[in-house]
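Now for the letters of each chain:
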Amino acid sequence: MDKSYEPIISQLIKRIDAEQIYVLDLKTIKLFLVVWNENKSSFRKRVQIRRIFYSADIKLDTPFDIISLTSQEVEMAIKKGDIVASNILNGGELLYQKEDYENRKLLWYFAVIV
């Protein structure tokens, strides 16, 4: 993973309960897909995520856009053949997976205790 994404991931996992974070770098624009099972409209979630980017003073070298879907919406997008979501999922980079992160925290915790 590109180290430049670490501040983004750090801020997002501190402030929202994201399940997964993907990025697709198209060179002229970066597309972020944040899988977040929050009971808000996609628009409101995008606004909140954008505010996190700006408040954390996260600088990217290209313009970016954010897509925020629930896990169920991701499944529906795949079934419908949504090109944008499919391209991000298949051609993008998985920056964060909640389960992996939680497992690493547990392993670290047990390693410190032992």
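Predicted model only: the values in this text are computed from it and were never measured. (Residues numbered from 1 in each chain as written. Predicted model: local features only at pLDDT ≥ 70, side-chain atom pairs only at ≥ 80, totals over all residues. Heavy atoms only, no water.)

Things to note about unusual backbone geometry
Positive phi, close to 70°, is recorded for K27, a residue that is not glycine. The topology assignment puts K27 in the loop between strand 1 (18-25) and strand 2 (30-36). Using a relative accessible area of 65% as the deciding quantity, one classes K27 as exposed. (Helix = DSSP H or I, 4+ residues; strand = E, 2+ residues; numbered from the N terminus. Buried < 20%, exposed > 50% of the residue type's maximum accessible area, 1.4 Å probe, protein only.)

Notes on helix 1 (residues 6-15)
Residue pairs three or four apart in sequence face the same way in an α-helix, which turns once every 3.6 residues. Among all positions in helix 1, only I8, I9 and L12 are buried. Buried residues of helix 1 fall within an arc of 95° about the axis and therefore sit on the same side. Packed against the buried residues of helix 1 are strand 1, strand 2, helix 2 (42-55) and strand 4 (93-97). (Arc of directions from axis to C-beta. Contact = heavy atoms within 4.5 Å.)

Considering the pairing of strand 3 (residues 64-69)
Relative to strand 3, strand 2 is paired through six bridges, and the arrangement is parallel. Residue V35 lies in a different strand from strand 3, and its bridge partner there is L69. Handedness of the crossover joining strand 2 and strand 3 through helix 2 is recorded here as right-handed. (Pairing = 2+ DSSP bridges. Right-handed = clockwise from strand over helix to strand, strands pointing away.)

Thoughts on the confidence of the model for the protein
It should be kept in mind that the predicted coordinates are not to be read in detail where pLDDT is low. Overall, the prediction assigns the protein a mean pLDDT of 85, with 86% of residues at 70 or greater. Note that residues 105-112 has pLDDT below 50 and, in this model, zero contacts with residues that lie over four places away or in other chains. (pLDDT = per-residue confidence, 0-100.)

Quick notes on the sheet that holds strand 4
The mixed open sheet is built from four strands, whose spatial order is 3-2-1-4. The open sheet is flanked by strand 3 and strand 4, the only strands paired with a single partner. Pairs of neighbouring strands in the sheet enclose a mean axial angle of 20°, with direction left out of account. Across seven bridges, strand 1 lies against strand 2 in antiparallel orientation. Residue pairing across strands places A18 opposite W36, the latter belonging to strand 2. Packed onto the sheet, helix 3 (residues 71-80) meets strand 1, strand 2 and strand 3 and runs at close to 100° relative to strand 3. (Axes fitted to C-alpha atoms, helices over the stretch in contact; angles between N-to-C directions.)

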